[in-house]
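Spelled out, the chains give:
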Amino acid sequence: MACAMVPLDELQVTVPVGQHGKERALPALHPDRKEERCFVPYRPPPEDGAPAAIEEFLEQARFITEDLEWLLSLPHDRFWCQVVFDPSLQRCLDSYLRHAPRGLEPSCPPTSLAVADMQRCIHRDVFMTFLRMATHKESKECFITPAVFGEIIYENFLFDIPKMLDLCVLFGKGNSQLLHKMIENIFNQQPCYYSDLNEAVPSVLQVLDTILAQCGLQCDGASAPEPLKLGDHGPPTAMTMTQQALADLVLYLCDTCSTLHAFLDVFPTACSTFQSHGFLSRLASFYETVVPEMEKALRKRNFDHKSLQEDLWRRLSHSSRRMVETAHLLLLNTCLQPILEGGENLQTYADELLQHFTTFLTEKRFLSDYDEQFPVADDISVLQQALPVIDETRTSYLLEGVHSAWDSMGRRRPQTQTQTQARGAEAACSVGREPGEGGESPRGAEAMERPLRGENGAVCTLSAGELESLLSNIKDLLPELGDGFLLACLRHYGYSSERVLNHILEETLDPSLEMLDRALPRPLKEEAAAVLAERSNVFDDDEFDVFHRDQLDMSRVWKGRRKGESARDMLNDKQHIADQKARYHAYETVVDEVVILPGQSAADYGLDDYDDDYDDTYDINQVGANDLDGDSLLSRRPFTVPQVLRAGGRAAQEEEEEEEEEEEDEDEGSSMKRDQFVQDPALLRERAEARRATMQHRRGHRPEGPPPGNHVVGRPKGQGQTQDTFLDRRKKEANKSRGANHNRRSMADRKRNKGMIPS
């Protein structure tokens, strides 16, 4: 029996031993006090809806709910004995965290109401179990020492960082306050979880790198990829990977972004730990690299089912929104919140915030999406109010960078609240305008379905029929109001007809709406021009342009496959000869002389007065023939017969210019002895040898002398050797590889280069 005001870790209880009524004292937390009960692991509801599978799920879920409700009904000491010493309970809870459906699971309605009710019961019981496990003090009598409580949950792995992430994403919606107190108590009682969280952040960054690697991308700050082996192909991209792989990658990205955002939203204290690893800059670079690539793949790829493409669009849009919101949470809790609280070092936090915005300037897509959800101008306005001495040049530079990011993306920046109040008249012009009109091009999931958004930020999920129903309800009471004015009011007040009627009847409309005409009609929607009207092609208005002509010459259109003409028919076709007869017929009649009768002219016979006789008027006058050529080329340089055409000369291309005089002497000698039949061969050889020696001397060749003496053989054995013999033998030993068979390849190449061997 428990004693009052004693913590559970110090409490002693008496338990009976055996059948003789003996008792013994045991600690309240002892394995012998655990009940033998097997908790069944959780399995998700069946997707096919088979009756047998549904019945099996209901039976298994009934066991889980009964066991968890029994566990929650136990007293404080028995509950903790079961939690600490029963491994089947931990397996059951872990299986639910791992397999429980998330908020963005494929949209399939429950097969039956019983399945939905049973799922809700399990969801509630699991959350209540974790909530009780995270509470160290239930009442004044039932509590655990905080230090011992921290050791129990940490040493027995009752909670860890992955479990907290799953708890936030599963139970964060609607239970954020309870989860915040629960996780904050865990971190306060056991500070070791802060070190675990610090070690878990690099794993989260590694998840982002894994997604980049799966897409064949790499962003700034990511780890360098391993080099590819020769012959290996690079990793598949979002356009080349299989359809199932792309779907799995989008699901992985969506689950990661949702989990991170849920955890940081529930436990904002963790933002400083994430920011210490530079998570914000890595997230912005990851967004800039991955999101456009995946949007391009989902837009251009052909999917087997249209519903799959729409589902992936929705998930990718959700992931993009969660990444932007995660970045805002990091900035809010690490920079903006300390500034709003008015603590110390405000200038340091302001400089850090401006530095983050400056880093975002290079990420155009991320900056424009961030500014769309959380305007940068509002954050800078907060800084200017908190710190009047902030640098105006720096803030104006950031705002210009934001405008540049919108312009580079080809999108129009939405108006802020201050701008809408100043431009109330423009609201009427935009009434009834569809998304995407007016210059802003929808992208991503907005291209498929983009909800209307009111002036106060409310999103309109109404269809066109429901919007007409709201208008008819208001006009039943106020028929004199125009549709355009009512649409502007609905947009401003979040598409709530009750609020619109209340403000109109009480005359408390917004000033921007008071400026509008009460009888303003609905603007006509401009129909988009037909595609064919804007069509431009080089074949426009030709004889086969069916878009501009109602009738075509069908004789010019060949239907079916044209038969090829045989060679015999082509050779027998003499039509081209007949076509040429008319041309050559004009040359058949040739008249040498035409007699012109008196009273007629040459024009009567088709002739002209042209006289083609040669004009020899100046033939007898030799104009300039006897004049002296004062500046003639011959007066400056005498005519010389080319060397090639000279008789008896020797055309030697390799001789140099210094031999010209000798060649002229030889040519003169040879011309003087032309009468000789054969010259003396000995004299010819002597002249050739002299010329060769002269050429070699000019080229630097040394005259070949007698071969040096070879003293390799030496004297007979026993008589001693001379110094020359030792030197020659050493030289032979060192240079013997230059000859014999050691250089056959080089000598063969030499002979081949000289043309001695055909190659």
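Residues numbered from 1 in each chain as written. Predicted model: local features only at pLDDT ≥ 70, side-chain atom pairs only at ≥ 80, totals over all residues. Heavy atoms only, no water.

## Digging into the overall build of the protein
Logical step 1: From N to C terminus, the protein includes 29 helices and four strands.
Logical step 2: In the protein, buried positions account for 32% of the 759 residues.
Logical step 3: With an accessible surface of roughly 50600 Å², the protein has 51% of that area assigned to carbon and sulfur atoms. (Helix = DSSP H or I, 4+ residues; strand = E, 2+ residues; numbered from the N terminus. Buried < 20%, exposed > 50% of the residue type's maximum accessible area, 1.4 Å probe, protein only. Areas by Shrake-Rupley, 256 points an atom, 1.4 Å probe, with all protein chains shown as cover.)

## Overview of the nonpolar core
Logical step 1: If you look at the biggest cluster of nonpolar residues, it comprises 128 residues, and the most contacted ones within it are Trp80, Phe159, Phe263 and Phe274.
Logical step 2: Considering every element that reaches this core, the biggest residue donor is helix α12 (residues 306-341), with twelve residues.
Logical step 3: If sequence neighbours within four positions are ignored, Trp80 has contacts with Leu8, Leu29, Arg132, Met133, Thr135, Ile144, Phe149, Ile152 and Leu158.
Logical step 4: Core analysis: the next-biggest nonpolar cluster, separate from the first, contains 20 residues, Ile474, Phe485, Leu487 and Cys489 among them. (Core = buried A, V, L, I, M, F, W, Y, C linked by side-chain atoms within 4.5 Å. Contact = heavy atoms within 4.5 Å.)

## Things to note about the pattern of salt bridges
Logical step 1: By the definition in use, this model includes 22 salt bridges.
Logical step 2: Across the pair Glu138 and Arg132 runs a salt bridge, and its minimum N-O distance is 2.7 Å.
Logical step 3: Where salt bridges share partners, they join Glu295, Arg365 and Asp369 into one cluster. (Salt bridge = Lys/Arg side-chain N within 4 Å of Asp/Glu carboxyl O.)

## Overview of the environment of Arg730
Logical step 1: As for its placement among the helices and strands, Arg730 is situated in helix α28 (residues 723-735).
Logical step 2: Assessed through its relative accessible area of 61%, Arg730 is described here as exposed.
Logical step 3: Between the alpha carbons of Arg730 and Val712 there is a distance of 9.0 Å; along the sequence they are 18 residues apart.

## Examining a nonpolar patch on the surface
Logical step 1: Taken together, the side chains of Phe544, Met554 and Val557 present a nonpolar region at the surface, about 250 Å² in accessible area.
Logical step 2: When you line up the elements, Phe544 lands in the loop between α22 (511-514) and α23 (567-572). (Patch = residues over 30% accessible without salt bridge, like charges linked within 9 Å, V, L, I, M, F, W, Y side chains within 5 Å.)

## A closer look at the environment of Leu383
Logical step 1: Along the chain, Leu383 falls in helix α15 (residues 376-386).
Logical step 2: Expressed as a C-alpha distance, the spacing of Leu383 and Leu340, which sit 43 residues apart in the sequence, is 8.9 Å.
Logical step 3: Once residues within four sequence positions are removed from consideration, Leu383 is found in contact with Ile339, Ala350, Leu353, Leu354 and Ile390.

## Observations regarding helix α16 (residues 392-408)
Logical step 1: Over its 17 residues, α16 extends 24 Å from the first C-alpha to the last, a length consistent with the 24 Å expected when each residue adds 1.5 Å.
Logical step 2: Residues of α16 that are buried sit in contact with α13 (346-360), α14 (364-373) and α15.
Logical step 3: Where α16 begins, one side-chain oxygen reaches toward the backbone nitrogen of Thr393, 3.2 Å away; that side chain belongs to Asp391.
Logical step 4: Remark: Gly410 follows α16 within two positions and exhibits a positive phi of approximately 70°. (Expected span 1.5 Å × (residues − 1). Polar contact = N/O pair within 3.5 Å; in protein donor to acceptor, adjacent residues only side chain to side chain.)

## Focus on unusual backbone geometry
Logical step 1: Located in the positive-phi region is Phe157, a residue other than glycine, with phi close to 55°.
Logical step 2: By the element assignment, Phe157 lies in the loop between α5 (146-155) and α6 (161-171).
Logical step 3: For Phe157, a relative accessible area of 58% translates into the label exposed.
Logical step 4: If you check the backbone angles, Tyr495 has positive phi at about 60° while not being a glycine.
Logical step 5: Here Tyr495 shows up in the loop between α20 (483-492) and α21 (497-505).

## Comments concerning the packing of aromatic side chains
Logical step 1: Applying the stated criterion across every chain yields a total of 18 aromatic pairs.
Logical step 2: Seen from their ring centres, Tyr154 and Tyr193 are 5.2 Å apart, and the 80° between their planes marks the pair as edge-to-face. Of the two residues, Tyr154 is situated in helix α5 and Tyr193 in helix α8 (residues 192-214); the sequence distance between them amounts to 39 residues.
Logical step 3: Overall, the relative accessible area of 23% leaves Tyr154 in the partly exposed class.
Logical step 4: According to the relative accessible area criterion, Tyr193 is buried, its value standing at 1%.
Logical step 5: Pairing Phe357 with Phe360 gives two aromatic rings, centres 6.2 Å apart and planes at 65°, and the pair type is edge-to-face. Here Phe360 and Phe357 lie together in helix α13, a separation of three residues that amounts to about one turn. Side by side, Phe357 and Phe360 carry an identical accessibility label, which is buried.
Logical step 6: Taken together, the ring pairs connect Tyr154, Phe187, Tyr193, Tyr194, Phe263 and Phe267 into an aromatic cluster.
Logical step 7: It is Arg37 that lies over the ring of Trp70; its NZ or CZ is 4.4 Å from the centre. (Phe/Tyr/Trp six-rings, centres within 6.5 Å; stacked < 30°, edge-to-face > 60°. Lys NZ or Arg CZ within 6 Å of the ring centre and 35° of its normal.)

## A closer look at helix α19 (residues 464-477)
Logical step 1: Given a rise of 1.5 Å per residue, 14 residues ought to cover 20 Å, and the 21 Å separating the end C-alpha atoms of α19 matches this to within 8%.
Logical step 2: Regarding α19, the residues found buried are Leu467, Leu470, Leu471 and Ile474. For α19, the arc enclosing every buried residue in end-on projection is 95°, short of the 170-degree limit, so these residues lie on one face. Of the exposed residues in α19, the ones pointing more than 90 degrees away from its buried face are Gly465 and Asp476.
Logical step 3: Residues of α19 that are buried make contact with α20 and α21. (Arc of directions from axis to C-beta.)

## Points about the packing of α13 against α15
Logical step 1: Interaxial distance between α13 and α15 falls to 11 Å at its minimum, and their mutual angle equals 160°. Judged by the inter-axis angle, α13 sits roughly antiparallel to α15. Pair α13 / α15 crosses with left-handed handedness. Taken together, the residues of α15 that come into contact with α13 (itself represented by Ala350, Leu353, Leu354 and Phe357) are Val376, Asp379 and Leu383.
Logical step 2: The residue makeup of the contact of α13 with α15, split by class, is six nonpolar, no polar and one charged. (Axes fitted to C-alpha atoms, helices over the stretch in contact; angles between N-to-C directions. Parallel < 35°, antiparallel > 145°, perpendicular 65-115°, else oblique. Left-handed = near helix turned anticlockwise from the far one by under 90°. Nonpolar A, V, L, I, M, F, W, Y, C, P; charged D, E, K, R; others polar.)

## Re the confidence of the model for the protein
Logical step 1: Averaged over every residue, the pLDDT of the protein is 79; the share at 70 or more is 75%.
Logical step 2: Summarising per-element confidence for the protein, the mean pLDDT is lowest in helix α18 (residues 424-429) (38) and highest in helix α10 (residues 270-275) (94).
Logical step 3: Every residue in residues 649-654 scores below 50 in pLDDT, and together they form six contacts with partners more than four places removed in sequence or on other chains. (pLDDT = per-residue confidence, 0-100.)

## Brief notes about the environment of Val204
Logical step 1: In this structure, Val204 sits in helix α8.
Logical step 2: Under the relative-accessibility criterion, Val204 is labelled buried at 13%.
Logical step 3: Note: C-alpha distance between Val204 and Thr256 (52 residues apart in sequence) is 8.6 Å.
Logical step 4: Setting aside residues up to four positions removed in sequence, Val204 forms contacts with Leu260 and Phe279.

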